[in-house]
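Listed here are the chains, written in short residue letters.
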Amino acid sequence: LLRAPFHMLRIIEFNQERKEIDTAYDEQVRAEQFELAQIRREEEIEKLINDKAEEYEILKLIREDQYLNDMAALEQEREQGLISQELYNARLAQVQTKFENDLANTKIEIEKKKQSAVLEINASAYNQLAEIAGKESNIGKLLSAASTTIKTYEGATAAYANWAAIGGPPLG
């Protein structure tokens, strides 16, 4: 009879130790999930950067090929006496300027695509991390807010870009 309270105390202690071990294990699993999500995010960003660099190089080669074709046609017209040296020089400057502008615009467009994709990757990663942490935890709420902020920024800049393309947003 005297042993019953001792056994009850032992059971309570055991359950408490088990709960502490489970909590520590859950925290370790969450920490590993956070780290894995971070590694995946970094890998996605690295792949994206490499893909966009490759895309730029391909488009650059296309632009260079067009430039060389334009230069060859211009040179042929000059050699055949179809255009004067003065017109040749003017067209040459025009072809070179167009080529430089095309390259610059290509680089800008690819940079915009890259930045947008990085933002999307980060928003997605923050959502995943919020789920891992628990949406109701403080860190989960913070990560959800970060993801929402990114998506709001993307939406606002896309809307502004659409309005800018047609002359700007309506006023008044």
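Anyway, here's the lowdown on the structure attached to this text. (Residues numbered from 1 in each chain as written. Predicted model: local features only at pLDDT ≥ 70, side-chain atom pairs only at ≥ 80, totals over all residues. Heavy atoms only, no water.)

1. Points about the pattern of salt bridges
So, step 1. Taken as a whole, this structure holds nine salt bridges when the rule is applied.
So, step 2. Salt-bridge contacts for K47 lead to D51; the nearest nitrogen and oxygen are separated by 2.8 Å. In this pair, K47 and D51 both sit in helix α1 (residues 3–79), four residues apart, roughly one turn of the helix.
So, step 3. Overall, the relative accessible area of 37% leaves D51 in the partly exposed class.
So, step 4. As a salt-bridge pair, E55 and K113 come within 3.4 Å of each other at their nearest N and O atoms. Taken as a pair, E55 in helix α1 and K113 in helix α2 (residues 85–133) lie far apart in primary sequence, 58 residues in all.
So, step 5. Each of the salt bridges in this network shares a partner with another, and the network as a whole consists of K52, E55 and K113. (Salt bridge = Lys/Arg side-chain N within 4 Å of Asp/Glu carboxyl O. Helix = DSSP H or I, 4+ residues; strand = E, 2+ residues; numbered from the N terminus. Buried < 20%, exposed > 50% of the residue type's maximum accessible area, 1.4 Å probe, protein only.)

2. Topic: the layout of surface pockets
So, step 1. By volume, the largest pocket is sized at about 350 Å³.
So, step 2. If you trace the largest pocket, you find it lined by E109, K112, K113, Q115, S116, L119, Y153, E154, T157, A158 and A161.
So, step 3. Where the lining of the largest pocket is concerned, the elements lending two or more residues are α2 and α3 (138–165). (1 Å grid on protein atoms, 1.4 Å probe; cavity = no way out; pocket = protein on both sides within 12 Å on 5 of 7 lines; lining within 4 Å. Points joined across faces, edges and corners; volume = space filled by probe spheres on them.)

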